[in-house]
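Remarks on the overall topology
These are the residues of each chain, in order.
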Amino acid sequence: MPTIIDVAKTAGVSKSTVSRVLTDNGYVSKESRKKVLSAMEEIGYIPNILARQFQSGVTKTIGFIAPSYMNTMGKFLQVFMETAKKYGYFVNLYLTSEDKQKEIEALNQMKFKQIDGIFILTRTNEWEVIKKFSQYGPISTWNRIEEDWIYSSYFDHYEGYLKALNYLYNQGYRQFGHVLGNSQNLNTKARLKALHEFHQNKGLKLDDEWLIQESSLYDDGKLIGEKWIDSKSKPDVLAFYSDYIAAQFISRIEEKGFKSPENIGVLGFDNSEISELMHLTTVDYSIEKQAYNSFIYLYNQLNEENIAEKKLTTKIIKRKTIVNRT
């Protein structure tokens, strides 16, 4: 197999000149660079990328850890990878199937210098376990956590949910139902705070039957649809924590002859592709900007840069499942 010495001899230049061309570090004249590249092609030299990475300690690769392919992950991952490409980085995707050991194995890739930094979409291990790996490189996450050792590009779900509920109220809705996520999730706790304040301030009764979380229903929109069909106290609007669950709900009630918004208003959350396909009114909370900021943090840490992050904003995307009832 040809070596760097063979390239130097064929090109008629020094070994150090070939090294500077390969690493793109240091001055090389256009003529010498052309000779080196031609010699590499002539003798079939393939640079030993792993060896160069080991010497420099830089792989130009970021690990992206997720428990599975989630509904909102597509848009987030796409923006994250496009931003990484723009700045000269690759992205390795690790799907752990919520297996703690698989997550540890992915984190070990940074410990063993196979990747430079890590992004965690949602964690499987406890934070204290993950924290130990921060000594090997920067870590960012989509989970909400306020700690110095990790960057969290989270959105304030209290502010976003309160804004969404006030929008629904201004549209004339008065009987609210809420489908929330995991009760231990800080975003869910933020939404709970918002909805309790909202109902209290507006003088509206909160129907416990339609405060859905931590049950067999909260992650299955079709079951929620069946519950709504059978219920004697139907809310006139349901706010979901996910576009996907909201879409499942609409699909099931339509099978039984009901429609949105004629029979019930439906609000999603994410502004994912499915919300556009289903004409679902939803809340856009800057997923693309969160993905961008998550990579930029890692890039800044790895390259001692100070590229500005993008400001996160909330926007109601008005489509067909919410109408003005006033």
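Residues numbered from 1 in each chain as written. Predicted model: local features only at pLDDT ≥ 70, side-chain atom pairs only at ≥ 80, totals over all residues. Heavy atoms only, no water.

Looking at an unreviewed UniProt entry, the protein carries the name Transcriptional regulator, LacI family, with the source organism given as Vagococcus fluvialis bH819.

Taken as a whole, the protein is organised into domain 1 (4-55), domain 2 (59-155 + 288-309) and domain 3 (157-284). In this structure, domain 1 and domain 3 have C-alpha centres spaced 61 Å apart. (Domains from an automatic or database assignment.)

What the five strands build is an open sheet, ordered S2-S1-S3-S4-S5; its pairing is parallel. Every interior strand has two partners, whereas the edge strands, strand S2 (90-95) and strand S5 (151-152), have only one. In this structure, strand S1 (residues 61-66) lies alongside strand S3 (residues 117-120), joined through four bridges in parallel fashion. Within S3, the position partnered with Gly-63 by the bridge is Ile-118. Contacting S1, S2, S3 and strand S4 (139-141), helix H6 (residues 100-111) crosses the sheet at an angle of about 150 degrees to S3. Running over the sheet, helix H13 (residues 287-303) touches S1, S3, S4 and S5 and is turned about 170 degrees from S4. (Pairing = 2+ DSSP bridges. Helix = DSSP H or I, 4+ residues; strand = E, 2+ residues; numbered from the N terminus. Contact = heavy atoms within 4.5 Å. Axes fitted to C-alpha atoms, helices over the stretch in contact; angles between N-to-C directions.)

Contact geometry of helix H2 (residues 15-23) with helix H3 (residues 30-43) gives a least axis separation of 10 Å together with a crossing angle of 85 degrees. With respect to H3, the element H2 is oriented roughly perpendicular. On H3, the residues touching Thr-17, Val-18, Val-21 and Leu-22 of H2 are Ser-32, Arg-33, Val-36, Leu-37 and Met-40. (Parallel < 35°, antiparallel > 145°, perpendicular 65-115°, else oblique.)

Right, let's get into the side chain of Thr-281. Position of Thr-281 relative to the elements: it lies in the loop between helix H12 (273-277) and strand S10 (282-284). Apart from the residues within four sequence positions on either side, Thr-281 is in contact with Tyr-167, Val-266, Leu-267, Gly-268, Ile-316, Ile-317, Lys-318, Arg-319, Lys-320, Thr-321 and Ile-322.

Bringing the packing of aromatic side chains into the picture now. Following the criterion strictly, the structure yields 23 aromatic pairs and no others. With a centroid separation of 5.7 Å and an interplanar angle of 90 degrees, the aromatic rings of Phe-80 and Phe-295 are classed as edge-to-face. Of this pair, Phe-80 sits in helix H5 (residues 73-86) while Phe-295 sits in helix H13, placing them 215 residues apart in sequence. Accessibility classification places Phe-80 together with Phe-295 in one group, the buried group. The ring of Tyr-169 is capped by Arg-174, whose NZ or CZ atom sits 3.6 Å from the centre of that ring. The ring of Trp-228 is capped by Lys-234, whose NZ or CZ atom sits 5.4 Å from the centre of that ring. (Phe/Tyr/Trp six-rings, centres within 6.5 Å; stacked < 30°, edge-to-face > 60°. Buried < 20%, exposed > 50% of the residue type's maximum accessible area, 1.4 Å probe, protein only. Lys NZ or Arg CZ within 6 Å of the ring centre and 35° of its normal.)

A few words now on unusual backbone geometry. In this model, Ser-260 is joined to Pro-261 through a cis peptide bond whose omega is 15 degrees. Its identity as a non-glycine residue notwithstanding, Lys-113 has a phi of 65 degrees, on the positive side. Here Lys-113 lies in the loop between H6 and S3. Of note in the backbone geometry, Glu-304 takes a positive phi value of approximately 55 degrees without being a glycine. Structurally, the position occupied by Glu-304 is in the loop between H13 and strand S11 (315-317). You can call Glu-304 exposed: its relative accessible area is 77%.

Okay, the pairing of S3 next. Burial along S3 is two-sided: the face carrying Gly-117 and Phe-119 and the face carrying Ile-118 and Ile-120 are both buried. Pairing of S3 with S4 involves three bridges; the strand directions are parallel. Residue pairing for S4: Phe-119 is matched across the bridge by Ser-140.

With that out of the way, let us pick up the nonpolar core. In a soluble, globular protein the nonpolar side chains are often hidden away together inside. Grouped together as the largest cluster of nonpolar side chains are 49 residues, with contacts concentrated most on Phe-64, Phe-76, Phe-80, Leu-168, Phe-176 and Phe-295. Of all the secondary-structure elements, those providing two or more residues to this core are S1, H5, helix H8 (157-170), helix H9 (186-202), strand S8 (237-240) and H13. Here this core takes eight residues from H13, the largest share from any one element. Each of two domains, domain 2 (59-155 + 288-309) and domain 3 (157-284), supplies a minimum of three residues to this core. Counting 17 residues, the second-largest nonpolar core is a separate cluster that includes Ile-212, Ile-253, Ile-264 and Val-266. (Core = buried A, V, L, I, M, F, W, Y, C linked by side-chain atoms within 4.5 Å.)

With that settled, the discussion passes to the environment of Leu-277. Inspection of the secondary structure puts Leu-277 in helix H12. On the accessibility criterion, Leu-277 (62% relative accessible area) is exposed. Between the C-alpha atoms of Leu-277 and Ala-247, which are 30 residues apart in sequence, the distance is 9.5 Å.

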